[in-house]
Amino acid sequence: MREVEMTVPHLFRCPISLDLFTDPVTLCTGQTYDRSSIEKWLAAGNLTCPVTMQKLHDPSLVPNHNLRHLIQQWRQMDHRFGPDYFTAIDPLVSLKHCLQSPQSTFQEKLEALQKIQLLTDQTPSTNPFLIQIGFLPLLLQLSFQMVDPEFSQDYMNFVEQGLTCVLKLLPYGELESLNMLKQDSKLESLVVLFEHGSIIMKQSLCHLVGVISSSSSTRELCGMIGKHPRFLNLIVCIVNQNNEASETGIKAISALCCLESNRGKLVQQGLIDALVTNILNSERSLAAMAMAILEQVLGIERAKEALIKNPNGVKAVVKMVFRVSDHEGSESAVNSLMMVCRESLEAREKAIVAGVLTQLLLLLQSQCNGRTKTKATTLLKLL
């Protein structure tokens with residue numbers, strides 16, 4: 001028994017029991033424990049991480065499937081791994097320790113994070129190792145902990161790099177780790193970072209919202225974000241500004257619209273006017289994406305009213321009915337016009353003034369698909 005214990009790699013031992021993991025789970029601090037051991041620790045009334053002694057604002061236990069799989073591989077290989085494995089893993093463990101340690105200075109943590117970002121960029125083969133030793137929840141914790149009110153350049157660099165690493169690791173990790181953002185303090189940090197952060201931070205946060213909205217395991221978090229009017233207003237403003245972050249903003253809004261409840265709240269924050277501006281001023285693919293979102297939200301009465309009220313609203317949709325180079329967005333435009341024109345004389349008049357009849361005739365003569373032509377014919381009859 002002693003011999004077996006001596007051959008168990010340090011990475012595979014629970015820090016509490018010092019035994020081989022049987023059911024590894026990871027805390028929000030990025031530290032992994034055996035489930036039975038950490039549950040006893042928490043049941044005893046402890047509210048800290050046993051290794052780092054950080055206070056646990058979120059006591060959730062996320063299964064570390066990657067580490068479990070690695071241990072299974074190790075067992076199948078008769079308790080042996082090649083020397084290359086530990087050559088790769090040991091420096092990563094040191095970097096993690098530096099990020100976790102209260103004794104590390106901010107500059108040391110920044111340098112450690114720069115090394116991690118370099119690894120995720122240049123050596124993607126290390127990403128599974130980073131997941132196995134709990135980097136994903138740790139980086140999320142560091143990125144969304146207390147915000148520096150001064151937004152110093154070093155702090156901005158740290159968060160930018162942290163978010164970049166998180167996005168690189170998410171395809172390899174457990175998306176349940178993102179649920180730490182359900183904590184009020186973490187969600188508020190997300191909003192403040194989006195409000196005051198750099199363009200790079202805004203783009204990363206938009207990508208993160210897209211990931212959150214795409215998974216059933218984070219669907220509740222998606223709904224919580226949708227109930228945060230300040231964040232929704234900020235992301236709508238990003239789309240309205242037509243800057244470098246607009247594309248990621250449009251994609252994030254499209255993702256948030258997976259929940260019907262989010263659509264109405266986005267409309268309340270001025271989404272329709274932002275989409276109209278985007279359709280009129282953006283390149284084709286982005287305009288088509290904005291058009292698809294517009295079609296999706298026009299089932300809401302308030303959205304129809306906002307589109308008709310906007311001086312350029314119906315005109316923008318008419319513009320998307322037919323474009324010489326492609327038909328991307330044409331079907332969404334026709335569907336949208338049918339929704340607003342069916343019950344509104346004002347919308348029909350605005351569409352005719354904007355040249356919808358010519359647009360529809362050109363579309364019918366084009367190479368668009370049969371379904372779009374059928375809908376275009378129906379719209380012509382309606383007008």
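Residues numbered from 1 in each chain as written. Predicted model: local features only at pLDDT ≥ 70, side-chain atom pairs only at ≥ 80, totals over all residues. Heavy atoms only, no water.

Asker: Could you give an account of helix α13 (residues 246–256), naming the residues involved and the relevant values?
Answerer: Across the 11 residues that make up α13, a large majority, 8, are buried. For α13, the set of buried residues is Ser246, Thr248, Gly249, Ile250, Ala252, Ile253, Ala255 and Leu256. In this structure, the buried side of α13 is in contact with α10 (199–214), α11 (219–226), α12 (229–241), α14 (260–268), α15 (271–281) and α16 (284–297). (Buried < 20%, exposed > 50% of the residue type's maximum accessible area, 1.4 Å probe, protein only. Helix = DSSP H or I, 4+ residues; strand = E, 2+ residues; numbered from the N terminus. Contact = heavy atoms within 4.5 Å.)

Asker: Could you give an account of the packing of aromatic side chains, with specific residues and numbers?
Answerer: Summed over the entire model, instances satisfying the criterion amount to 3 aromatic pairs. Centroid distance Phe151 to Tyr155: 5.5 Å. Interplanar angle 90°. Geometry classified as edge-to-face. Overall, the relative accessible area of 8% leaves Tyr155 in the buried class. On the numbers, 5.1 Å between centres and 65° between planes, the contact of Phe194 with Phe231 is edge-to-face. (Phe/Tyr/Trp six-rings, centres within 6.5 Å; stacked < 30°, edge-to-face > 60°.)

Asker: How would you sum up unusual backbone geometry? Please name residues and give values.
Answerer: With a phi close to 65°, Met53 is a non-glycine residue in the positive phi region. Summarising the element assignment, Met53 is placed in the loop between α2 (35–43) and β3 (62–63). Unusually for a residue other than glycine, Phe151 sits at a positive phi of about 50°. Structurally, the position occupied by Phe151 is in the loop between α7 (135–143) and α8 (153–169).

Asker: Residues and numbers for the confidence of the model for the protein, please.
Answerer: Scored by pLDDT, the protein comes out at a mean of 87, with 94% of its residues at no less than 70. Helix α17 (residues 301–309) holds the highest mean pLDDT among the elements of the protein, 96, whereas helix α1 (residues 2–7) holds the lowest, 46. Counted against residues more than four places away or in other chains, residues 1–6, with its pLDDT under 50, gives 3 contacts. (pLDDT = per-residue confidence, 0-100.)

Asker: Can you tell me about the environment of Leu113, naming the residues and giving the values?
Answerer: Structurally, Leu113 is set in helix α5 (residues 106–122). Remark: the alpha-carbon pair of Leu113 and Ile16, spanning 97 residues in sequence, is separated by 27 Å. Ignoring anything within four residues of it in the chain, the contact list for Leu113 reads Leu99, Leu139, Phe158, Gln161, Gly162 and Cys165.

Asker: A description of the side chain of Asp34 should follow, citing residues and the corresponding values.
Answerer: Relative to the assigned elements, Asp34 resides in strand β2 (residues 32–34). Buried charged residue Asp34 carries no salt bridge. Nearest counter-charge: Arg68, at 7.4 Å. Within the structure, the side chain of Asp34 is placed 2.7 Å from the backbone nitrogen of Thr22, a separation counted as a polar contact. Each residue touching Asp34, except ones within four places of it in the same chain, is listed here: Cys14, Phe21, Thr22, Asp23, Pro24 and Val25. (Lys, Arg positive; Asp, Glu negative; His and termini not counted. Salt bridge = Lys/Arg side-chain N within 4 Å of Asp/Glu carboxyl O. Polar contact = N/O pair within 3.5 Å; in protein donor to acceptor, adjacent residues only side chain to side chain.)

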